[in-house]
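Now for the letters of each chain:
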Amino acid sequence: MLCVMERMGVFTDLKSEISNLKSLAETISRQLRGWAQHLQDSPITGQRYLTSKTRQADQARRDRDEFMKELDAMRKKT
């Protein structure tokens with residue numbers, strides 16, 4: 001849209017503002033693409049990939065971590 005506005009004669013007095021906005025939009029676009037790529041490459045998967053098996057594994061990991069914390073707390077008391 002900014003490219004179209006830049007070519008229209010009506011907006012000639014706003015040429016520098018349009019150019020600044022285009023530059024800003026390109027910077028934001030590159031940043032968003034970088035974040036999206038980072039998320040795609042991440043080992044963390046979203047909710048839609050959860051299955052009963054992965055939920056059970058995650059719960060088992062949390063239970064194990066909690067148990068280890070309790071053991072550590074008991075060890076520190078003695």
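Residues numbered from 1 in each chain as written. Predicted model: local features only at pLDDT ≥ 70, side-chain atom pairs only at ≥ 80, totals over all residues. Heavy atoms only, no water.

Should the charged atoms of two oppositely charged side chains come close, the side chains can pair. In total, this model carries seven salt bridges according to the counting rule given. Asp 65 is the partner of Arg 61 in a salt bridge, and the nearest nitrogen-oxygen pair spans 3.4 Å. Of this pair, Arg 61 and Asp 65 both sit in helix α3 (residues 52-77), four residues apart, which is roughly one turn of that helix. Among the residues examined, Arg 61 registers a relative accessible area of 37% and is labelled partly exposed. Of the charged contacts, one joins Asp 65 and Arg 64 as a salt bridge, the two residues approaching to 3.9 Å between their closest N and O atoms. According to the relative accessible area criterion, Asp 65 is partly exposed, its value standing at 33%. Counted as one network, the salt bridges with shared partners bring together Asp 58, Arg 61, Arg 62, Arg 64 and Asp 65. (Salt bridge = Lys/Arg side-chain N within 4 Å of Asp/Glu carboxyl O. Helix = DSSP H or I, 4+ residues; strand = E, 2+ residues; numbered from the N terminus. Buried < 20%, exposed > 50% of the residue type's maximum accessible area, 1.4 Å probe, protein only.)

Taken together, the side chains of Leu 21, Leu 24, Ile 28, Leu 32 and Trp 35 make up a nonpolar region of the molecular surface, amounting to roughly 510 Å² of accessible area. Mapped onto the secondary structure, Leu 32 falls in helix α2 (residues 15-41). (Patch = residues over 30% accessible without salt bridge, like charges linked within 9 Å, V, L, I, M, F, W, Y side chains within 5 Å. Areas by Shrake-Rupley, 256 points an atom, 1.4 Å probe, with all protein chains shown as cover.)

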